[in-house]
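An overview of the molecular structure
Letter by letter, the chains look like this.
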Amino acid sequence: MTTILPECDIPIPQRQPHIVCHEPGNMILPMCNIQTVPGDMTERGCTFAGCRGVVGGPVKDAIQLVHGPIGCAYYTWGTRRNLSDVKLHRKYCFSTDLTEESVIYGGAKKLLNSIIEAHELFPEGKAVFVYSTCVVGLIGDDTDAICKQAQEKIGIPVVPFHCEGFRGVSQSLGHHIANRTLFEKVVGTEEPETTTPYDMCIIGEFNIDGDAWIVKPLFERMGVRVLSVFTGNASYHDIPPMHRAKLNIVQCQRSSTYIAKMIQDKYNIPYINVSLFGMKQTADALRDVGKFFHLEENAEKVIAEELAKYQPMIDHYRKKLEGKKCFIYQGAPRAWHWIDPMRELGIEAILTATTFGHKDDYEKIMEKAKPGHICIDNPNALEIEEYLVKLKPDFFIGGLKEKYLTYKLGIPFINGHSYEEGPYAGFEGFVNFAKDIDVAVNSPVWKFINLPLEVK
Ligand code: SF4
């Protein structure tokens, strides 16, 4: 049997095709990217969450205005640690605060006034991003027309994102909408001051806990000019010149390949997929870029310098972590980005789950998985609990929603979304990652806990 059903799902057998046990030579993928099964308490985010929370939100000098009831905006305030070097970013949450009255009479006036008010209060904002949530889709505000009107009044770009939460089955559609909107409305609207033969964009890098600040200099040391990072620590004005890059590299291939493909199709700029987690994958990324720009020697020099500095630390942590087993539960790409780096630390992932993975994410997981590896699409908290209790991993990598569940079960936890003490990308970041796993797994606190692990 390649599909299995945990006991907690007996009342909802429709979950069965979403949970797969890997058998060599018989690759069956979990059913994915479809509506959540009725009765299942999903942990997924909505389309708006993907658009605002993942792709648009990190743009550091845009006023991020949520057009909808205040409840939608609640979780946009500083929940993802996309760091930036400007004060406006992540400090404020803007919302039109739609109420029953707006549902009856429309929210157009409120939106126009909110854009003008936010701009007056924060004139340092270089653009206004307006995100429509479910209610706006239902009452049918003409946000395009209002944003155009507002743009003429305040004199800076006002960009509407049609990312109503109900539009997609998960946050994944929100990524796509954000990519398409920024490509259609922003990319190509400004030229860079200068161009060089070595201009590149790093796409799908959101500067979680400073990842971009670690990886960007690696490429710059090779002689590459990073024209834009999409969208970690990005200024609004970093996005328009993306059409002048010579190459794009794509790190988060679930949330951002869309814009790389659109740029390739329209401007004939190629892109390559990379992973910037782990020593080998990061070195491979530098080599691929070096090959493209004919900077192979420079790439090897940077890799040699980094390995000389950081490989001994990785070797140190490997000795402490060898033989451990983990669960990986991430949005999607990190689930497969981290399988090989774990092996560099002597750790095997025995279960991998994603919230919004697509077929290609699960193919990549299964290509890397060992026999018996369990793969779950869109797990709920009960499934996670049951597998934690039954399989007893040495640690769990997930998001804050699962942190206290794992602690209650006496299992070490790593925050893979916003990190513990990141950054985690690049060579140096991988040392932070290894250190955090060591701190979590080898903490003496676990010796004082003796919980009977059983499912009721
Ligand atoms: S599903 Fe709709 S109402 Fe709920 S947070 Fe998302 S946009 Fe707001």
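Residues numbered from 1 in each chain as written. Predicted model: local features only at pLDDT ≥ 70, side-chain atom pairs only at ≥ 80, totals over all residues. Heavy atoms only, no water.

**A closer look at the sheet that holds strand β5 (residues 158-161)**
- Pairing in this open sheet of four strands is parallel, and the strands run β3-β2-β4-β5 from one edge to the other. In this open sheet, the two strands that pair with only one neighbour each are β3 (94-95) and β5.
- The pairing of strand β2 (residues 62-67) with β3 spans two bridges and is parallel. What sits directly across from V66, in β3, is S95.
- Here helix α1 (residues 47-56) sits on the sheet and contacts β2, β4 (127-132) and β5; the angle it forms with β4, its principal contact strand, is near 155 degrees. (Pairing = 2+ DSSP bridges. Helix = DSSP H or I, 4+ residues; strand = E, 2+ residues; numbered from the N terminus. Contact = heavy atoms within 4.5 Å. Axes fitted to C-alpha atoms, helices over the stretch in contact; angles between N-to-C directions.)

**A word on the pattern of salt bridges**
- In this structure the tally under the stated criterion is 25 salt bridges.
- In this structure, K368 engages D340 in a salt bridge whose closest nitrogen and oxygen atoms are separated by 2.7 Å. Of this pair, K368 sits in helix α14 (residues 359-368) while D340 is found in helix α13 (residues 339-344), placing the two residues 28 residues apart along the sequence.
- For K370, the salt bridge identified is with E348, shortest N-O distance 3.7 Å. Highlighted residues: K370 in the loop between α14 and β12 (374-377) and E348 in strand β11 (residues 348-354), separated in sequence by 22 residues. (Salt bridge = Lys/Arg side-chain N within 4 Å of Asp/Glu carboxyl O.)

**A short note on empty space enclosed by the protein**
- Enumeration over the complete set of coordinates arrives at one cavity of 30 Å³ or more.
- If you go around the largest cavity, the residues you meet are F327, Y329, L351, A353, I376, P379, E383, I384, Y387 and F396.
- For the lining of the largest cavity, the secondary structure elements donating two or more residues are β10 (325-330), β11 and α15 (381-391).
- Take the lining of the largest cavity: its biggest share by element is three residues, from α15. (1 Å grid on protein atoms, 1.4 Å probe; cavity = no way out; pocket = protein on both sides within 12 Å on 5 of 7 lines; lining within 4 Å. Points joined across faces, edges and corners; volume = space filled by probe spheres on them.)

**Things to note about the site of the ligand**
- Taken together, C46, F48, C72, T133, C134 and G165 form the complete shell of residues around the ligand.
- By residue class, the composition of the shell around the ligand is four nonpolar, two polar and no charged. (Near = heavy atom within 4 Å. Nonpolar A, V, L, I, M, F, W, Y, C, P; charged D, E, K, R; others polar.)

**What to know about the sheet that holds strand β8 (residues 247-250)**
- Strand order across the open sheet formed by four strands is β7-β6-β8-β9, with parallel pairing between neighbours. Every other strand in the sheet has two partners, leaving β7 (225-231) and β9 (271-273) as the edge strands with one partner each. In this sheet, adjacent strand axes meet at a mean angle of 20 degrees when their direction is disregarded.
- Here strand β6 (residues 199-205) pairs with β8 via four bridges, running parallel. Paired with C201 across the two strands is N248, which belongs to β8.
- Lying over the sheet, helix α8 (residues 211-222) contacts β6, β7 and β8, oriented at roughly 155 degrees with respect to β6.

Keep in mind these numbers describe shape, not what the thing actually does.
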